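Remarks on the overall topology
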Amino acid sequence: MVTNTEAEHICKTCMHHFTGSYCNNCGEKVYTDHDKSFFHFVEEGVHFITHFEGTFFTTIRYLFTKPGKLSSDYCYGIRKSLFKPLSLFLLLCIIYLLFPVFEGLNMRLYYHVNGSIYGGYARNEVIEAMRQHHWTDAQVTEAFHQQSTRVSKFLLLILLPLTALFFWSLTYKKRSYFFDQMVFATEINSVYLVWGFMLLPLLLALFQMVYQGITKRIFPFSDSGISAIMYAVLVLYVAIAVRRFYGLKAWHAILVAVLFYFAHHIIVQFIYKFLLFVISIKLLK
């Protein structure tokens, strides 16, 4: 009797002749009656959920208990039990953009035209867009917000190579492969999203609730104060992570972490936000 693994098959995807359960040309699976059963359908669902939960929560645990370990293990080749760093970052981007609490990474039009180094340029571009479409202030503000929300979904990816380039410039003797730098940059920016735009807003809301309950007043949080808290924790994380990932001495790790603060601030507040404005406003014209 010829078994399924011994029989010759023609791949339905690439038409390649092969034996076994999987096409050795494209990897397509040979489906049997069992694969088409209701029970197998349920099995696949259970497998996906348990596999996702296992790798996802293991990865999240690494992020917040062992800074740098995710990148270290992934670059070393230990990947089966881990969520892919880029997939994790993309998932976090989607969560952030679907449920924004802080709009720091997709700020309103007002903040582009006021208080930024490119404010004059931004105002001229907005006036031109209003002239072309005969928009009011409210209309151009709403149109820009909708457009920038879509643009930011993919533009957030620019944080990864720019952050990786910063780390590579300081540690290329330790990690010469840019792939390694990209993995580490992805871990750092994932923490940036989770801590700065998910956990920190929750903690501030809880603090505000307790403070208001005790004093009957609202605590006057400032943007600069919130930013200081956000980056203080992130810089500490980076200092610990670079020691583990690059094997740096304590003083060297602290220096890299401090320089990271200035570099990341420039990347987010100037490069990313300027590109977000330019792309969004050009698409409106």
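Each remark here, short or long, concerns the structure printed above.
This report concerns the structure included in the present document. Note that the structure is predicted; figures quoted are calculated from it, not measured. (Residues numbered from 1 in each chain as written. Predicted model: local features only at pLDDT ≥ 70, side-chain atom pairs only at ≥ 80, totals over all residues. Heavy atoms only, no water.)

1. Some details on the pattern of salt bridges
Under the counting rule described, the total for this entry stands at 4 salt bridges. Where Arg-175 meets Asp-180, a salt bridge forms, and the shortest distance between an N and an O atom there is 3.2 Å. The class for Asp-180 is buried, based on a relative accessible area of 11%. (Salt bridge = Lys/Arg side-chain N within 4 Å of Asp/Glu carboxyl O. Buried < 20%, exposed > 50% of the residue type's maximum accessible area, 1.4 Å probe, protein only.)

2. Observations regarding the packing of helix α3 (residues 85-98) against helix α8 (residues 178-215)
Between two packed helices, the angle of one axis relative to the other and the distance separating the axes together describe the packing. Relative to each other, α3 and α8 sit at 25 degrees, their axes nearing to 9 Å. Between α3 and α8, the crossing angle belongs to the class labelled roughly parallel. By crossing handedness, the relation of α3 to α8 is classed as left-handed. Together, Pro-85, Leu-86, Leu-88, Phe-89, Leu-92, Cys-93, Ile-95 and Tyr-96 of α3 and Val-183, Thr-186, Asn-189, Ser-190, Leu-193, Val-194, Phe-197 and Met-198 of α8 make up the contact between the two elements. Among the residues making up the contact of α3 with α8, the classes are represented as 13 nonpolar, 3 polar and no charged. (Axes fitted to C-alpha atoms, helices over the stretch in contact; angles between N-to-C directions. Helix = DSSP H or I, 4+ residues; strand = E, 2+ residues; numbered from the N terminus. Parallel < 35°, antiparallel > 145°, perpendicular 65-115°, else oblique. Left-handed = near helix turned anticlockwise from the far one by under 90°. Contact = heavy atoms within 4.5 Å. Nonpolar A, V, L, I, M, F, W, Y, C, P; charged D, E, K, R; others polar.)

3. Quick look at the packing of helix α6 (residues 137-155) against helix α10 (residues 250-284)
Running from N to C, α6 and α10 point in directions that differ by 125 degrees, and their axes come no closer than 9 Å. Accordingly, the angle class assigned to the pair α6 and α10 is oblique. The element α6 and its partner α10 pack so that their crossing is right-handed. Contacts between α6 and α10 involve Ala-143, Phe-144, Gln-147, Ser-148, Val-151, Ser-152 and Leu-155 on the former and, on the latter, Tyr-272, Leu-275, Leu-276, Phe-277, Ile-279, Ser-280, Ile-281, Leu-283 and Leu-284. Here the residues of the contact of α6 with α10 are counted per class, giving 12 nonpolar, 4 polar and no charged.

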